[in-house]
Amino acid sequence: MSGSVNLAYDFPVLGAFWSIMWFFLWIMWFVLLFRVVMDIFRDDDLSGWAKTGWLVFAIVLPFLGVFVYVIARGKNMGKREQRHVRAQQEQTERYIRETAGSAGTSEADELAKLSEIRARGDLTDEEYRRAKEKVLH
């Protein structure tokens, strides 16, 4: 009596499940690989030779290299990512402040500028009064 073994591919739904699972794991592997490579380049504590060594290790022996990197240096990967995001956010905020320019000035500064413009004769008394009302209200 010969026994037959039912494989997952004998059942179409189970075969589709396994295909989707392997596809998902493959995508997750690439995400992890790219995160490790980005972390290698982002880490300022590593010297150029250390970065080269980790990068070669991760490319030549990808599974082993990535897993060893995550075990050895994975503890601070999140901290480096947070530091990078915080630096980008500060740079964006600095750019907005520089671009906005006078948006953060006080009412007193605005009134002083209006007085200077009126003193030069570029504003009439009526225009000065209307601009002053806009600033104060």
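Everything quoted here is computed from the prediction, not taken from an experiment.

Asker: I'm lost on the environment of Arg42 in this one. Help?
Answerer: On the secondary structure map, Arg42 appears in helix α1 (residues 12-42). The exposure class assigned to Arg42 is partly exposed, which follows from its relative accessible area of 22%. The residues contacting Arg42, other than those within four sequence positions of it, are Arg80, Glu81 and His84. Within the structure, the side chain of Arg42 is placed 2.6 Å from the side chain of Glu81, a separation counted as a polar contact.

Asker: Honestly, the packing of aromatic side chains in this entry has me stumped. Any pointers?
Answerer: For any pair of aromatic rings, the description rests on two quantities: the centre-to-centre distance and the angle between the ring planes. By the definition in use, this model includes seven aromatic pairs. For the ring pair Trp26 and Phe30, a centre distance of 5.1 Å and an interplane angle of 85 degrees mean the geometry is edge-to-face. Residue Trp26 and its partner Phe30 are located together in helix α1, separated by four residues, close to a single helical turn. By relative accessible area, Phe30 is classed as partly exposed at 31%. Seen in terms of ring centroids, Trp54 and Phe57 are 6.2 Å apart; in terms of plane orientation they differ by 45 degrees. Their pairing is tilted. Of this pair, Trp54 and Phe57 both sit in helix α2 (residues 48-60), three residues apart, which is roughly one turn of that helix. In this structure Phe57 comes out as partly exposed when scored by relative accessible area, which is 26%. Here Arg118 stacks its cationic end above the ring of Tyr128, 4.2 Å away from the centre of that ring.

Asker: I tried to follow the pattern of salt bridges on my own but got confused; where do I start?
Answerer: Close approach of charged atoms lets side chains of opposite charge pair. Counted by the stated rule, this structure contains eight salt bridges. The residue Arg80 makes a salt bridge to Asp39 at a minimum N-O spacing of 2.7 Å. Taken together, the positions of Arg80 in helix α4 (residues 77-100) and Asp39 in helix α1 put the pair 41 residues apart, joining distant regions of the chain. For Asp39, a relative accessible area of 2% gives the class buried. Ionic pairing is found between Arg129 and Glu133, a salt bridge with its closest N-O pair at 2.6 Å. Residue Arg129 and its partner Glu133 are both found in helix α6 (residues 125-136); the two are separated by four residues, about one turn of the helix. Through salt bridges that share partners, Asp39, Asp43, Arg73 and Arg80 make up one connected network.

Here is what the cut-offs are and how they apply
- Residues numbered from 1 in each chain as written.
- Predicted model: local features only at pLDDT ≥ 70, side-chain atom pairs only at ≥ 80, totals over all residues.
- Heavy atoms only, no water.
- Helix = DSSP H or I, 4+ residues; strand = E, 2+ residues; numbered from the N terminus.
- Buried < 20%, exposed > 50% of the residue type's maximum accessible area, 1.4 Å probe, protein only.
- Contact = heavy atoms within 4.5 Å.
- Polar contact = N/O pair within 3.5 Å; in protein donor to acceptor, adjacent residues only side chain to side chain.
- Phe/Tyr/Trp six-rings, centres within 6.5 Å; stacked < 30°, edge-to-face > 60°.
- Lys NZ or Arg CZ within 6 Å of the ring centre and 35° of its normal.
- Salt bridge = Lys/Arg side-chain N within 4 Å of Asp/Glu carboxyl O.

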